[in-house]
Amino acid sequence: MQQAEILKGGIEVVEQISDEWIALCEEGPCNVPFLRPEWFAAFVKNFETEIEIVTVRCNGKLRAVLPLVAKRGSLHGIPVSKFQGIYNLNTQRFDIIHGTDESEKRDIVRALWNAIRDRKGWSVLEWRLVRRGSWIAGLLELAERESCPAGIWEMDGAPYIRLPTAGEPRRTINEFLKGSRKQLRQQLDRRKRRLSEAGKIDFVITREYTPALLDRYFALESKGWKGRQGTAVTDDPSVAKLHHEFTRAASDRDELFAYELRLDGKTIAMSINMRCGRTMFHWKTSYDESYSKYSPGNLLFKMFVANCLELDVQEIDLLSPSTANKRYWSSGEREHAAYYIFKPGIVGSFLWFWKFGLVSKLRKLKSTSQPKLVPLPLQNSR
């Protein structure tokens, strides 16, 4: 029998079930860096004081985890009491953490819904940056059966690169960059030759965390457009600490892959990545804009893909946002959405109409009235 329980507290409630949580992730479908307890431990330590983790057990064994937090926020300007996923602008993905057994889905979703529904004090349930097909959709189905207004809000997708498997022929970067990508390969080869005329080129892979490693990345990001807009990691000490702690945790699990393109020993492009199973997650990337004419970000990315082929990585998850440059490299794109459930009654119905009626229509009108721009394929962006 599935039994749900809400654990309340701070970072200690993450640590309390950490080992079981990791084992649940490693069953397969939720083996994503941003769904593991290490991410939530670093996040809660820097951004939250009290959280609520809804757990589901079957015969004492942990089978599902849903990390939530109560917030007094707004819904497009209207004050509301939210019971939402634990995330902010630094979050790349959110979901129910569960195992591989699809036969458990119905009972797990029912147990989660019963626990959330009966918790007092919320007017809106909100989960953002959730992949389409998530078990969270089952919560909406149950809610609607009980007269709760609910809706799904489209969010920015996550491009991905599907790499050939070990049984397929010629797992090389030149084979990958054929066909429609042939022109890209030729352009990058020319730019690499031009860059080599300016100095000695080195591609460096680092597997161990050090503060200096992230400081090099932060320095690149701070000098670029994020620094000019005030959105660089170092603009917020809590965000910087989150990155250091999470990167250290990935290194401890032997999942960290940091790539650097150096010119005469100077780092001019860098990316921070994490491997879970046969998927590489392309988390952070930046480059020195004074070398833009050489496309250092794309030169580094070509080396990164080549190394993934050597490592027998099956997929590169490029995460959000879905930029033109990512889509040019990608094989496809996975949809992300935000899921909403409102309390039944007049207030809930009004909030649903406000978001999915008025605001939704206004956004559609605005998007159709603006011209679409098509960036160049070799634009370095993230």
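Anything mentioned here points back to the structure above.
The text that follows walks through the structure, step by step, so that each part is easy to find. Just so it is clear, the model here is predicted, and its values are computed rather than measured.

### With respect to the overall build of the chain
Phase 1 of the analysis: Across its full length, the chain carries 13 helices and 13 strands.
Phase 2 of the analysis: Here the C-alpha atoms of the chain give a radius of gyration of 22 Å, agreeing with the 21 Å that 2.2 N^0.38 yields for 382 residues.
Phase 3 of the analysis: The dimensions of the chain, computed from C-alpha atoms along their principal axes, are 70 × 50 × 45 Å.
Phase 4 of the analysis: Taken across its 382 residues, the chain has 55% of its residues classed as buried.
Phase 5 of the analysis: When contacts within the chain are restricted to residue pairs at least 6 apart in sequence, long-range pairs at least 24 apart make up 76% of them.
Phase 6 of the analysis: With the model as given, the accessible surface of the chain reaches about 17700 Å², and the carbon-plus-sulfur share is 50%.
Phase 7 of the analysis: On the chain, the mean spot of the 59 positive side-chain charges and the mean spot of the 47 negative ones are 7 Å from each other.

### Notes on the layout of surface pockets
Phase 1 of the analysis: The computed volume of the largest pocket comes to approximately 970 Å³.
Phase 2 of the analysis: What lines the largest pocket is a set of 35 residues, among which N88, L89, N90, T91 and Q92 lie closest to the centre.
Phase 3 of the analysis: Sorting the residues of the lining of the largest pocket by element identifies β3 (61–75), β4 (78–85), β6 (124–131), β7 (150–162), α8 (211–223), α9 (225–229), α10 (237–252) and β11 (279–287) as the ones contributing at least two each.
Phase 4 of the analysis: Split by residue class, the lining of the largest pocket holds 13 nonpolar, 11 polar and 11 charged.

### Describing the state of the cysteines
Phase 1 of the analysis: Within the structure shown, the criterion is met by zero disulfides.
Phase 2 of the analysis: Summary of cysteine pairing: C276 is not part of a disulfide, and the nearest cysteine sulfur, belonging to C25, is at 8.4 Å.
Phase 3 of the analysis: No disulfide involves C308; its nearest neighbouring cysteine sulfur is the one of C276, lying 13 Å away.
Phase 4 of the analysis: On the basis of relative accessible area, C308 is assigned to the buried category, the value being 0%.

### Some words on the environment of S330
Phase 1 of the analysis: Position of S330 among the secondary structure elements: in the loop between α12 (324–329) and β13 (332–342).
Phase 2 of the analysis: Given the relative accessible area of 15%, S330 is considered buried.
Phase 3 of the analysis: Here S330 is in contact with P159, Y160, I161, R181 and L318, once residues within four sequence places are set aside.
Phase 4 of the analysis: A polar contact of 3.1 Å, which involves the side chain of S330, links it to the backbone oxygen of R327.

Parameters and conventions
- Residues numbered from 1 in each chain as written.
- Predicted model: local features only at pLDDT ≥ 70, side-chain atom pairs only at ≥ 80, totals over all residues.
- Heavy atoms only, no water.
- Helix = DSSP H or I, 4+ residues; strand = E, 2+ residues; numbered from the N terminus.
- Rg over C-alpha atoms; globule rule 2.2 N^0.38 Å.
- Buried < 20%, exposed > 50% of the residue type's maximum accessible area, 1.4 Å probe, protein only.
- Contact = heavy atoms within 4.5 Å.
- Areas by Shrake-Rupley, 256 points an atom, 1.4 Å probe, with all protein chains shown as cover.
- Lys, Arg positive; Asp, Glu negative; His and termini not counted.
- Charge placed at Lys NZ, Arg CZ, Asp CG, Glu CD.
- 1 Å grid on protein atoms, 1.4 Å probe; cavity = no way out; pocket = protein on both sides within 12 Å on 5 of 7 lines; lining within 4 Å.
- Points joined across faces, edges and corners; volume = space filled by probe spheres on them.
- Nonpolar A, V, L, I, M, F, W, Y, C, P; charged D, E, K, R; others polar.
- Disulfide = S-S within 2.5 Å.
- Polar contact = N/O pair within 3.5 Å; in protein donor to acceptor, adjacent residues only side chain to side chain.

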